[in-house]
Amino acid sequence: QVQLVESGGGLVQPGGSLRLSCAASGFTFSMSTMSWYRQAPGKERELVASITNGGSTNYADSVKGRFTISRDNTKNTSYLQMNSLKFEDTAVYYCKTRRSNGIVWLDHWGQGTQVSVSS
């Protein structure tokens, strides 16, 4: 059973930093693309960053140069290092992976972790 557990969220001042973690289990983590999404109040969920099994990364324009996604296959964990945080980064952050059950590809989500940027 696929499980994704996020941690590391919290309250931070503008310009501050946080590191989110996503602990994964129930699938072959090293072979999977991992993604971070976020959803702010009243807005749609949006892709923040993703990292393939080979280590290739992709970022939303709004976070390029400030956020860094990484993975540790020995710990089955994905990370999102967030620097120079802005008010508009306030959202619930979710970890996601996509797995096939042999018939269809399914998205698996964590429960989310709240990031609040406030002075």
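Residues numbered from 1 in each chain as written. Predicted model: local features only at pLDDT ≥ 70, side-chain atom pairs only at ≥ 80, totals over all residues. Heavy atoms only, no water.

Peer 1: Hey, could you go over the pairing of strand β11 (residues 113-117) for me, with residue numbers and the actual values?
Peer 2: Of the two faces of β11, only one is covered, namely that formed by Thr-113, Val-115 and Val-117; the face formed by Gln-114 and Ser-116 stays uncovered. The pairing of strand β2 (residues 10-12) with β11 spans 3 bridges and is parallel. Counted as the bridge partner of Val-12 is Val-117 from β11. By the bridge criterion, 3 bridges tie strand β9 (residues 91-100) to β11 in an arrangement that is antiparallel. Bridged to Val-92 within β11 is Gln-114. (Buried < 20%, exposed > 50% of the residue type's maximum accessible area, 1.4 Å probe, protein only. Helix = DSSP H or I, 4+ residues; strand = E, 2+ residues; numbered from the N terminus. Pairing = 2+ DSSP bridges.)

Peer 1: Would you mind going over the environment of Phe-29 in detail, with residue names and values included?
Peer 2: Examined against the element boundaries, Phe-29 turns out to sit in the loop between β3 (18-25) and β4 (34-39). Residue Phe-29 is classed as buried on the basis of its relative accessible area of 2%. With near-sequence residues (within four places) excluded, Phe-29 lies in contact with Ala-24, Met-34, Arg-71, Asp-72, Asn-73, Asn-76, Thr-77 and Ser-78. (Contact = heavy atoms within 4.5 Å.)

Peer 1: Which residues make up the sheet that holds strand β8 (residues 77-82), and what values go with them?
Peer 2: The antiparallel open sheet is built from 4 strands, whose spatial order is β1-β3-β8-β7. Each edge of the open sheet is held by one strand with a lone partner, namely β1 (3-7) and β7 (67-72). Between one strand axis and the next, the sheet turns through 15 degrees on average, direction left out of account. One ladder, built from 6 bridges, connects β7 with β8; its direction is antiparallel. Bridged to Phe-67 within β8 is Met-82. (Axes fitted to C-alpha atoms, helices over the stretch in contact; angles between N-to-C directions.)

Peer 1: An account of the pairing of β7 is requested, with residue identities and associated values reported.
Peer 2: Alternating positions in β7 separate cleanly, Phe-67, Ile-69 and Arg-71 being buried on one face and Thr-68, Ser-70 and Asp-72 remaining unburied on the opposite face. Hairpin connection between β7 and β8: a loop of 4 residues separates the two successive antiparallel strands, and Asn-76 in this loop has a positive phi of roughly 50 degrees.

Keep in mind that these numbers describe shape and distance, not what the molecule does.
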